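Summary of structural features
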Amino acid sequence: QVQLVEAGGGLVQPGDSLRLSCAASGRTFSSIGVGWIRRAPGKEREFVAFVNWRGDITHYADSVSGRFTISRDNAKKTVYLQMNSLTPEDTAVYYCAGDPGGTTWSRRIDAYRYWGQGTQVTVSS
């Protein structure tokens, strides 16, 4: 079992940066891929980013590519999402999710086995 807890959300202005963190507990964390998924108000969940267990393979949604960076520190059992150049369209609840069953399935939201409770990110002037 893996438990995930997100932190770092908040209210920021357009153009600002924010770093989310996902702290994990459980012995298998270092062997699973981790993704960030978001849900904007009134919209379906959307894949944002993924990092594999070693941290050397990353995937991004087109909407955040070049602005967001996912990384992980297995010694600290933490995954990060650095978000730069934020826009109001990035406003959403951001969820950390673990183990989609392999890198191939990273963009399949329903494949993720473990979920955090989410952290709110609001981008507004």
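Quantities reported herein were computed from a predicted structural model and do not represent experimental measurements.

Side note on the pairing of strand E4 (residues 34–39)
Most of E4 sits out of view: 5 of its 6 residues are buried. Of the strand pairs in this sheet, E4 and strand E5 (residues 45–51) are connected by 6 bridges, and their pairing is antiparallel. Note on E5: the bridge partner recorded for Val 34 is Val 51. Here E4 folds back onto E5, and the loop between the two strands holds 5 residues, one of which, Gly 42, carries a positive phi near 75°.

Here we look at the sheet that holds strand E8 (residues 78–83)
Strand order in this open sheet of 4 strands is E1-E3-E8-E7, and the pairing throughout is antiparallel. Two strands in the sheet have a free side with no partner beyond their single neighbour: strand E1 (3–7) and strand E7 (68–73). This sheet shows a mean twist of 15° between the axes of neighbouring strands, independent of strand direction. Bridge count for E7 against E8 is 6 bridges, and the pairing is antiparallel. The partner of Asp 73 across the bridge, within E8, is Thr 78.

Focus: the nonpolar core
Counting 36 residues, the largest nonpolar core has Trp 36, Leu 81, Met 83 and Tyr 94 as its most contacted members. Contributions of two or more residues to this core are made by strand E3 (18–25), E4, E5, E7, E8, strand E9 (92–98) and strand E11 (119–123).

Points about the state of the cysteines
Summed over all chains, the structure comprises 1 disulfide. Paired through a disulfide, Cys 22 and Cys 96 show a sulfur-sulfur distance of 2.0 Å. Since a negative S-S torsion denotes a left-handed disulfide, the Cys 22-Cys 96 link at about -70° is left-handed. Here Cys 22, found in strand E3, pairs with Cys 96, found in strand E9; they are 74 residues apart in sequence, far enough to count as distant.

Cut-offs used in this document
Residues numbered from 1 in each chain as written. Predicted model: local features only at pLDDT ≥ 70, side-chain atom pairs only at ≥ 80, totals over all residues. Heavy atoms only, no water. Buried < 20%, exposed > 50% of the residue type's maximum accessible area, 1.4 Å probe, protein only. Helix = DSSP H or I, 4+ residues; strand = E, 2+ residues; numbered from the N terminus. Pairing = 2+ DSSP bridges. Axes fitted to C-alpha atoms, helices over the stretch in contact; angles between N-to-C directions. Core = buried A, V, L, I, M, F, W, Y, C linked by side-chain atoms within 4.5 Å. Disulfide = S-S within 2.5 Å.

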